[in-house]
Every structure is written in C-alpha cells, then in structure tokens.
Amino acid sequence: MAKFPKIGDFGWLIVIAIALMAIFYFMTPLSSTVTPTGVKAIKEFTLGSVGYVEAIPAKTLVLGTFKVGQTQTNVLRSLPRLTLSSSLFGADSQEYVIDVPSWYHDSMEKLVINFNVAESNMYGNLVIKWNGREVFYETANPRGYSVEITPDYVEEQNTLVVMAEGPGMRFWANTIYDLRDLEVNLKYGPVKLYPFELFPNELQSFRNGEVQFYGSGPGKLLVKVNGKQIYYKTPTGQDSADFSFTDVPLSMGENILSFETREGIVDLFNTELKIFLLTNQITRSRSFNLTSQDQLAMSQQRFRGRVTYTVESIEREGSLSIKLNGNTLSVPQPAVGENTVYFTSGDSREGKNTVEFSGTGSFEISKVLIELAAA
C-alpha cells in the first residue's frame, strides 16, 4: 500500500489557514450585504424628465404690469439708507457709478433723484454732485426732495456724489444727515423698453421668442424687437407676439424689446418674454459610492454593476445615453417599464461615482437602482 508523507501538526495548521484565507478572500467581499439572489443594493433614487423636451422655454423674463403710451420710469439706483457726517477735520463723501444704457438716450425726458431727509441738525449744507456738477446745495430740512437733471448732462456712465459740508462756526460738532429711500430714476417714453441678453449658445440654438401678455385699452399696441415690428393691433385680453431669426436680426449680448402705442394708452398685465431653443436637453446626474471590496468583486468578474431604471412614459422616441464617470455604457433602446444596463470595474471606481442620464428622446424616468449582481 502506498504511503503518503506525514504532515505534522504545524503543517496541518498551515494548510487549514491557507484554506480559510482562500475562502475568506473569495467570500468576504459583499457577503454581509448580498441577498439570497446574489444582489447587493448600492443606491436607489428617483430621476424625472430626461432628454429632449419641447415647448419648455429655456429662459423666461418677467416684465410685469405697466402702461404703454405715457412717460416710463426706470430705477437706475436705489439706496434705502445713507448716513453722512462731516466735521472740520473731514467729511463723509459717498460716490456711485450710474449707468444709463445708450438705448434710453433717444427717448430720455429727464433724470430725477428723489430722497427723504429723515434727520438732520442742519449745521452745514447737503451737497449732491452729478458728473462733477452741483445739482443740490442747501441746508436740507427733514422732508422729501426731488432733483431733476436734463438729458444734456447724462452720459452712458455717470458719477453721483453725495456729501455733507462741515459745521462752520460750530467747530466742536459734526454736520449730520440721515437720508432714506434715495432713488435715481430715469424718465423716458412714451415707448417702454426692455433689454434682454442672448448668450452665444442661446443665439446658436435660438428657435423663437414669444411675448405673452394680457392687454386692454383703446390704443393700438406696437411691439418691436431690435426695431423690427412683431405685433401691431388693439389687444383684447390674452395675446402673444412671436419672433424668430426670419423676423428680426438678433445679436449676441443685448437685444431690445420695445412697446409703443398709436391712438391711446394700452395696459399690459403679467407680461413675460419666453426664449425657446431648437433643442432643450435635460441631463440629470446622481452619485453613489462603491467600496474597495465592491471594486475587487467586479475586477474578479464574480459580480458586475447593474443600473435598473423604470421608464414611466416616452414622450418622444430617441436614444437614451447613460454615462458612468464619463464612460458611455451600452444602453438598449428604452421601453416603458424596467430597463437594465450593466457596468464593469473599468467604468466604476472606489469611492464616489457619478452616473449621468441624457438623450435625444424624451423619457420620464421614476425609480433607478444601482446594484451589484452575481455574474
């Protein structure tokens, strides 16, 4: 009978230890969290709309409620409170830059500085300078004041200086002025102007703009964009004015929307400007974490990553793209219901991972599960 070499007690201990280490090596990753079906749940979240969405404006500007056909007011600067103090040794002098865009200059009537003196000891004069020229110089009592500046003295960039003079013979005291609600108002009209900005990507993919409003009044409303007419009639209730590249020349940066009237005043309520682009792409991203054991299990090809997402509805046919950390996954054409996409250790990494959903179609996706499933 053949004889096997004897293994001492210490040798057997080494064999058993190696066997246990092997079992521990292959079974420890995921073992405490793997379900009987061989799946480890990593994260669950909801997603929402993904992909191309039509009829949703990329930008909405709320213009509000106003009258067209009379003098308009644009607040250029507002200061709720301004406290000035001046002594023989120095004075407070507040300086502000006031911009008046060029498109207001043709219809400008005047510029008005309104303010209230809430408190003053009237030891010295209150001084207001506009572009270096004194437009107010007097000992101001506590009350409201209004200072008018003609268009001849208004530039595109202006300097407003507000200061108090010293106390004069009262060398022991300070001149004090407490001003409230100082406003620099531009009076222009009767055309109502609204600038709106288009960024390079918006200009490249611009589809159309839409001015929505509720109008009433006897006058005919004339709406223009960059000087080109897009609407001319007497509004009676809810209405809108559309424009596109074929109607008006649009520019990168500032563009001007104007409202004017013929034969009377028009009241506009809840006025909005909506900008639509050729493609409104909604991309949604979520993050999840993987442990070193998760990565090891996938690199050994005993488990693979799985993304299970539920499509509630498909509003527009097209492809769905899913990227993990920038790596594009293989995504079959989505269908309503549950869909599954797999990823490997080459797509994922230990720690934080980011999954991104986008597409040329339009999908409403509710629940998304990130899991590791036995290979």
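Refer to the structure above for everything that follows.
Student: Please clarify how the side chain of Asn353 should be interpreted in this entry.
Tutor: By the element assignment, Asn353 lies in strand E25 (residues 351–359). Owing to a relative accessible area of 0%, Asn353 belongs among the buried residues under this scheme. A polar contact is formed between the side chain of Asn353 and the side chain of Asn325, at a distance of 2.8 Å.

Student: What is the right way to read the sheet that holds strand E13 (residues 206–216) from this model?
Tutor: Consider a sheet: its strands pair through backbone hydrogen bonds, and that pairing is either parallel or antiparallel. The strand order E2-E18-E13-E16 describes an open sheet built from four strands, whose pairing is antiparallel. The open sheet terminates on both sides in strands that have one partner only, identified here as strand E2 (59–68) and strand E16 (237–243). Across the sheet, the mean angle separating the axes of adjacent strands is 20° when strand polarity is ignored. Relative to strand E18 (residues 266–277), E2 runs antiparallel, the two being bridged by eight bridges. Paired with Lys67 across the two strands is Asp267, which belongs to E18.

Student: In this structure, what is going on with the environment of Leu182? I would like to understand it.
Tutor: Its location among the elements puts Leu182 in strand E11 (residues 175–188). Excluding residues within four positions of it along the chain, Leu182 makes contact with Arg77, Ser78, Leu79, Leu82, Ile113, Asn114, Phe115, Leu160 and Val162.

Student: It is not clear to me how the pairing of E18 should be interpreted in this structure. Could you clarify?
Tutor: A regular strand places its side chains on the two faces of the sheet in alternate fashion. Among the twelve residues that make up E18, nine are buried, leaving the element largely enclosed by the rest of the structure. When E13 meets E18, the two strands line up antiparallel, connected through nine bridges. Looking at the pairing, Tyr214 lines up with Phe269 of E18.

Rules behind the numbers
Residues numbered from 1 in each chain as written. Predicted model: local features only at pLDDT ≥ 70, side-chain atom pairs only at ≥ 80, totals over all residues. Heavy atoms only, no water. Helix = DSSP H or I, 4+ residues; strand = E, 2+ residues; numbered from the N terminus. Buried < 20%, exposed > 50% of the residue type's maximum accessible area, 1.4 Å probe, protein only. Polar contact = N/O pair within 3.5 Å; in protein donor to acceptor, adjacent residues only side chain to side chain. Pairing = 2+ DSSP bridges. Axes fitted to C-alpha atoms, helices over the stretch in contact; angles between N-to-C directions. Contact = heavy atoms within 4.5 Å.

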